Amino acid sequence: MEVIALVKHDCETCATLAPALEAAAIAGAPVRMVSQSNEAETRAFAERVGLTTVPELDEGLALSERLDPEAVPAVVLLDGDEEQDRVEGLHRARLEALFAAAGATLPRDGLPEIKPGCTSITQEPEVAARLAAKRARAAGRIRARELDLGALEDPFEALHQRGLTDGLPVVPPTPERVVALLEHTRRDPQDLVGVVPPYGGEATVEKVAINAVMAGCAGPELPIVLAAVEAACREAFALHGLIATTHPAGPLVIVSGPYADEAGMNARGNALGQGNRANSTIGRALQLVARNVGGGRPGVEDRAAHGQPGKVGAAFAERLEDSPFDGLAQDRGVPADETGITLVAAEAPRLLLDQLAREPEGLCASLATALESIAHPKQRLAWDGLVVLGPEHGRIFREAGWDRARVRDRLFALTTSPAGDIVRGAGGSPEGVEERFVSDPDMPVAKFAAPDRILLAYAGGDAGLFSMVYGSWAAGEIGSAPQSASVEPWR
Amino acid sequence: MNDGLVILDPTAERDEATGRPLAAALPAGTGARIALLDIRKPRGDVFLDEIERLLRERGHEVQRTAKPTFTKPAPADLRREIAEHCDAVIEALAD
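Worth saying up front: this structure is predicted, and the values here are computed from it rather than measured.

A.B. asks: Before we go on, may I ask you to explain the nonpolar core in this structure?
C.D. replies: Burial of nonpolar side chains together is a common tendency in soluble globular proteins. Residue and element names in this part refer to chain A. Val208, Ile224, Val229, Val253, Met265 and Ile341 are the most contacted members of the largest nonpolar core, which totals 70 residues. Among residues more than four places away in sequence, those in contact with Ile224 are Val253, Val255, Tyr259, Ala263, Met265, Ile282, Ile341 and Val487. If you look at the next biggest cluster of nonpolar residues, it comprises 38 residues, including Val3, Ile4, Ala5 and Ala24.

A.B. asks: Would you explain the packing of aromatic side chains in this entry?
C.D. replies: For any pair of aromatic rings, the description rests on two quantities: the centre-to-centre distance and the angle between the ring planes. Summed over all chains, the structure comprises one aromatic pair over all chains. Positioned above the aromatic ring of Trp490(A), the side-chain terminus of Arg187(A) is 4.2 Å from the ring centre. Lys41(B) extends its terminal NZ or CZ atom over the ring of Phe70(B), reaching a point 4.6 Å from the ring centre.

A.B. asks: Would you explain the packing of helix H1 (residues 12-26) of chain A against helix H2 (residues 39-49) of chain A in this entry?
C.D. replies: To describe two helices that pack against each other, one gives the angle between their axes and the distance between the axes. All names here are of chain A. Running from amino to carboxyl end, H1 crosses H2 at an angle of 60°, the nearest separation of the two axes being 10 Å. By the criterion of interaxial angle, the relationship of H1 to H2 is oblique. In terms of crossing hand, the pair formed by H1 and H2 is right-handed. Mapping the contact onto sequence places Glu12, Cys14, Ala15, Ala18 and Pro19 in H1 and Phe45, Arg48 and Val49 in H2. Of the residues contributing to the contact of H1 with H2, the split by class is six nonpolar, no polar and two charged.

A.B. asks: What is the right way to look at the sheet that holds strand S3 (residues 61-66) of chain B in this model?
C.D. replies: Residues and elements named next belong to chain B. If you trace the three strands from one edge of the open sheet to the other, you get S3-S2-S4, paired in parallel fashion. The open sheet has two edge strands with one neighbour each: S3 and strand S4 (88-92). Neighbour to neighbour, the strand axes of the sheet diverge by 25° on average, direction disregarded. Bridge count for strand S2 (residues 33-38) against S3 is six bridges, and the pairing is parallel. Bridge pairing in S3 places Asp38 opposite Ala66. Relative to the sheet, helix H1 (residues 44-57) contacts S2, S3 and S4, its axis offset from that of S2 by approximately 170°. The strands touched by helix H2 (residues 76-85) are S2, S3 and S4; relative to S3, the strand with the most contacts, the crossing angle is about 175°.

How each quantity is defined
- Residues numbered from 1 in each chain as written.
- Chains lettered and ligands numbered in written order.
- Predicted model: local features only at pLDDT ≥ 70, side-chain atom pairs only at ≥ 80, totals over all residues.
- Heavy atoms only, no water.
- Core = buried A, V, L, I, M, F, W, Y, C linked by side-chain atoms within 4.5 Å.
- Buried < 20%, exposed > 50% of the residue type's maximum accessible area, 1.4 Å probe, protein only.
- Contact = heavy atoms within 4.5 Å.
- Phe/Tyr/Trp six-rings, centres within 6.5 Å; stacked < 30°, edge-to-face > 60°.
- Lys NZ or Arg CZ within 6 Å of the ring centre and 35° of its normal.
- Axes fitted to C-alpha atoms, helices over the stretch in contact; angles between N-to-C directions.
- Helix = DSSP H or I, 4+ residues; strand = E, 2+ residues; numbered from the N terminus.
- Parallel < 35°, antiparallel > 145°, perpendicular 65-115°, else oblique.
- Left-handed = near helix turned anticlockwise from the far one by under 90°.
- Nonpolar A, V, L, I, M, F, W, Y, C, P; charged D, E, K, R; others polar.
- Pairing = 2+ DSSP bridges.

Spelled out as structure tokens, the structure:
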């Protein structure tokens, strides 16, 4: 039988009990007083409370972690490794019984009958995080190589210098932060999420979490980031080409469903802009995975002629509570009761203003002008379109009872032009369809390969008769096809 | 006293991610077998026709190949075929 008594230097209940514990030990009780504090603090504590010997230290808090008390003093009776009894705080009668069970006596002189203990150092957030990280490493949950930044290095500068950022400061991915973030998924940190182009780096849940920490994710965004990485690594999304192309498109994450709100995303005013942590960090985390795990660096593998601001990271949520349609991800196969993402290879968005639109037919005619201009008004069949309807435009379709299919069909019809208008040289511009393909200048030629190549989403603030229109990168089988995925498997 | 900071490596921890070694240069002279890979961009064939003419003038063998689409990496079978039959490959980027 052995009695372990955990104490810490700044606990007054420990100070009250410590002399009695030492007296019991001198009288032959099998008791070890073990301090959670550091050596200097423990020495000062011993002097202050009048101990003749300095209590031993709990190196690395190993014993505290194993016994895992909520409060100290924590007096634990052990038979070998087996715990027989425990008293946390000072409860004289229970401590006397514990010592009696160990065949010893606790001197009761001056001890109060009862005095609550203090929080164990292992419960303090910083220490708890450090211990959790240590446990995760020991259990093999965390396997990433550790990089030591020197005492004289500024971590933010060091991360830039090592080529691990997108040009903005990143949050240093300490083991503590990564392990805390991993609490937001049930998935094993070593599960493979995807193989990331261009160099085929393996994105495990752990590697995604490291990059999500760097991007600034608070935590609940992680399942959305994981779903986005999985979707981005599918062959049909063609991330390799999207990284390597001279075109400005980058991945855009659209989140549809209730988890968007739980993750803190914004679907309303300024949804496509700055100011919301989840929106800002989800797309950024995906881009950091592409850079760090995939190895695609701007100006090296990424050959974009201009790029665009959304390549720092682009994500927004759909405003489903008053949408004229179901969610975009749900329309594309994610079950109605699940939250889903849709990943699109998108240009920067542009505004389509129609402040006079009051009925769906006219609004479609206006939206078609923006869709037709994607890449070039005379370019055909190679591009997808994405319209993010603002609420004041969406209301026009909702009140008229137009569903997604009807809007899409109408936009498809209105983006059809006579071949003579889109032939090379027409209107003075050299771009367009080759003349040998135009036998009849009146023959209608569609802008898009099919109506469902026009994606419709719904987001934005209450006021403003605006919608936002995105062009795609080279689309469909010859390029990048939008990908939808449920977030549920990653929660 | 600041003890420094430990962070976790966000990369795939592969050397390839920071660059691959260059292949050895072809020996000087004639007779190399060179693949010309059309990535299927408009007018890539015009560029490759000219390269083919110049290579043949210098006494090299030329094999014309093409990717199915410029947006995706060359399929593994095509890469293997080029590696087996040719000493070098020239990829055409054009627009």
